[in-house]
Amino acid sequence: MWKWLNQYAKPEAAFNLCRRLLPWFGWLSGLCLTVGTVWGLAYAPADYQQGDSFRIIYIHVPSAILSMSGYAAMAVAALVGLVWQWRTAYMTMIAIAPVGAVVTFIALFTGAAWGKPMWGTWWVWDARLTSELILLFLYFGVIALYAAFDDKQQGGKAAGVMALVGVVNLPIIHFSVEWWNTLHQGATITKFGKPSIAPEMLWPLLINLLGMALFMAAVSVHRLQNEILRRELHRPWVMSLLHHNGEKSRAV
Amino acid sequence: MKLRAVLYRELTLAYRQKAELIQPLLFFLLVVTLFPLGVGPGPETLQKIGPGVVWVAAILSSLLGMDRLFRDEFLDGWMEQTLLSPIGLGWVALIKVLAHWVISIVPLLLISPLMALFLNLTVPMYTALVITLLVGTPLLSLVGAIAVALTVGLQRGGVLLALLLLPLFVPLLIFATSAVDAASMQLPYTPQIAIIGAMLMLALALAPFAIAYALRVSQN
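For clarity, every value in this text was computed on a predicted model and none was experimentally measured.

A. A look at the overall build of chain B. In terms of regular secondary structure, chain B is built from 12 helices and zero strands. For chain B, the α and β elements follow one another from N to C terminus as α-α-α-α-α-α-α-α-α-α-α-α. Seen along its three principal axes, the alpha-carbon backbone of chain B occupies a region of about 55 × 35 × 30 Å. Residues counted as buried form 45% of the 220 residues belonging to chain B. Relative to all contacts within chain B whose residues are 6 or more apart in sequence, the contacts with residues 24 or more apart total 81%.

Encoded structure:
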């Protein structure tokens, strides 16, 4: 297991792994998102209280859940980089960061669009909204810190420390704002206990959650490929790869 | 012994550069003065926003002074020598943070009665405010030092530092102001103080390692 994992510390191996995984992630996410969204928007029954406007849940809840998963993934990558000194781990972290930030923004935006008809306002200083906003700022911090360094190797390490500091702080921020102010409805899906949603509404939601996770994975993997290429541009394997691709495109 | 020498060095340096001591303090005073001008001088309003204003001003002014925490040492090679020396970098970082706290926060505490007058705070509110400042500001310095250590090698660190740190200070701000609010309603505020204390202990245990690692990264 360890040996199998350790080979991906080499950029070339990681690049090839990404290349093999990308079509799987891409096609599966396309399939899941199509099925889940069409089912959710067209076929799932309307909510007895919120009518059709509840349907934004099929975008909002997956993105809200995955915004936090994205940060967790980033922190795991940072920890791996810190402990085993893998360059590819830092590259992975940086590849995930903007994807997570965009998903966080989607969660905030759809939440605002949902809040307008339901609560009568675009924005309230509610606990979850606030912690989601702060999560977005934490993502921005990591991205900005990395961008400020000219030496990307050093920048990756620094951003990794920041990501880990943020992950220690996230639960504290979450609970502090929770005690501070709460208006948001309770969690729809909890791991323990029965979800507070009808099964015919739940299924498309879960499918969309999976689809969105795969979509994030696909974009991150693609970004990681680009990051590896950019950083390893002088290596022979990248040269030969680019040369090979150039030959092929010229043949076409 | 060596650590005491580091502490002595820090305090002496601060004493000889008095302008840098005074500037964050004046900034704090000015920010607090702007609020009554901005929101109107009604005593009720001021009492309501007072604790938040003092805390936001304290966070901003500590950010202002923090920028210099490792800058000169980094530029003149002191940091490199310390990396080579047998004393642990974490300890040195901790001493530097302690010195920074004494230099920049204690004057702030000393002029805080003036804030109570400006913002029409009652005596229980003022007591709570001073306690939260005493327990909370070391946390500012400790967590802040991590980000300072990360950005010390950068030319354009100033705004970036605020961008990195302000989100992290949200819990502290919430608990500190809610303690003062509780005090204004004659309610017990020990839970909030206890939580801030717990966060301080956590930071005290972990921050020196993070600062030391961050300094190593910056030193490359």
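B. Local environment of the overall build of chain A. Each helix and strand in chain A was counted, giving eight helices and zero strands. Along chain A, from the amino end to the carboxyl end, the secondary structure elements read α-α-α-α-α-α-α-α. Within the span of chain A, comprising 252 residues, buried residues form 41% of the whole. Long-range pairs, those at least 24 residues apart, make up 77% of the contacts in chain A between residues at least 6 apart in sequence.

C. Region of the structure containing the confidence of the model for chain B. All names here are of chain B. Per-chain confidence: chain B averages 87 in pLDDT, with 99% of residues scoring 70 or above. Put simply, helix 5 (residues 78–84) is where chain B has its lowest mean pLDDT, 83, and helix 9 (residues 123–151) is where it has its highest, 91. Scoring the predicted complex yields pTM 0.87 and, for the interface, ipTM 0.86.

D. Representation of the UniProt feature "transmembrane region" (unreviewed entry) in chain A. Residue and element names in this part refer to chain A. The positions UniProt marks with the feature "transmembrane region" (unreviewed entry) are residues 21–44, 56–83, 90–113, 133–149, 161–181 and 201–221. End C-alpha to end C-alpha, residues 90–113 measures 35 Å, and it is 100% helix and 0% strand. Annotated as residues 133–149, this span is 94% helix and 0% strand, and its ends, taken at the C-alpha atoms, are 25 Å apart.

E. Focus on the environment of Thr122(B). All names here are of chain B. Among the structural elements, Thr122 can be located in the loop between helix 8 (112–118) and helix 9. Among the residues examined, Thr122 registers 14 C-beta atoms within 10 Å and is labelled partly exposed. Along the sequence, Thr122 and Ser184 sit 62 residues apart, while their C-alpha atoms lie 7.3 Å from each other.

F. Expanded view of the interface of chain B and chain A. Every contact between the two is made by 19 residues of chain B and, on the other side, 20 residues of chain A. Broken down by element, the side of chain B that touches chain A gets its largest block of residues, five residues, from helix 12 (residues 190–219) of chain B. The class makeup of the residues in the side of chain B that touches chain A is 17 nonpolar, one polar and one charged.

G. Seen up close, the UniProt feature "transmembrane region" (unreviewed entry) in chain B. Under the feature "transmembrane region" (unreviewed entry), the UniProt entry names residues 21–40, 52–70, 91–119, 125–152, 159–180 and 192–215 of chain B. Strand forms 0% of residues 21–40 of chain B and helix 95%; the C-alpha atoms that close the span are 30 Å apart.

H. Highlighting helix 10 (residues 158–165) of chain B. Buried residues of helix 10 of chain B: Leu161(B), Leu164(B) and Leu165(B), and no others. The buried residues of helix 10 of chain B occupy an angular sector of 85° when the element is viewed end-on, so they sit on one face. The elements touched by buried residues of helix 10 of chain B are helix 5 (127–148) and helix 6 (152–180) of chain A together with helix 3 (43–66) and helix 9 of chain B.

I. Region of interest: the packing of helix 6 (residues 89–104) of chain B against helix 12 of chain B. Residues and elements named next belong to chain B. Contact geometry for helix 6 and helix 12: axes closest at 8 Å, N-to-C directions at 105°. The pairing of helix 6 with helix 12 is recorded here as roughly perpendicular in orientation. On the side of helix 6, the interface is formed by Leu89, Gly90, Ala93 and Leu94, while helix 12 contributes Pro208, Phe209, Ile211, Ala212 and Leu215. Residues belonging to the contact of helix 6 with helix 12 are distributed by class as follows: eight nonpolar, one polar and no charged.

J. Looking closely at unusual backbone geometry. Residue and element names in this part refer to chain B. Residues other than glycine seldom take positive phi values, yet Asn120 does so here, at roughly 60°. Relative to the elements of secondary structure, Asn120 occurs in the loop between helix 8 and helix 9. A positive phi angle, near 60°, is found at Gln186, a position not held by glycine. Among the secondary structure elements, Gln186 is positioned in the loop between helix 11 (170–184) and helix 12.

Cut-offs applied
- Residues numbered from 1 in each chain as written.
- Chains lettered and ligands numbered in written order.
- Predicted model: local features only at pLDDT ≥ 70, side-chain atom pairs only at ≥ 80, totals over all residues.
- Helix = DSSP H or I, 4+ residues; strand = E, 2+ residues; numbered from the N terminus.
- Buried ≥ 20, exposed ≤ 12 C-beta atoms within 10 Å, placed from the backbone.
- Contact = placed C-beta atoms within 7 Å.
- pLDDT = per-residue confidence, 0-100.
- UniProt positions renumbered as here; feature names shortened; annotations may be inferred.
- Nonpolar A, V, L, I, M, F, W, Y, C, P; charged D, E, K, R; others polar.
- Arc of directions from axis to C-beta.
- Axes fitted to C-alpha atoms, helices over the stretch in contact; angles between N-to-C directions.
- Parallel < 35°, antiparallel > 145°, perpendicular 65-115°, else oblique.

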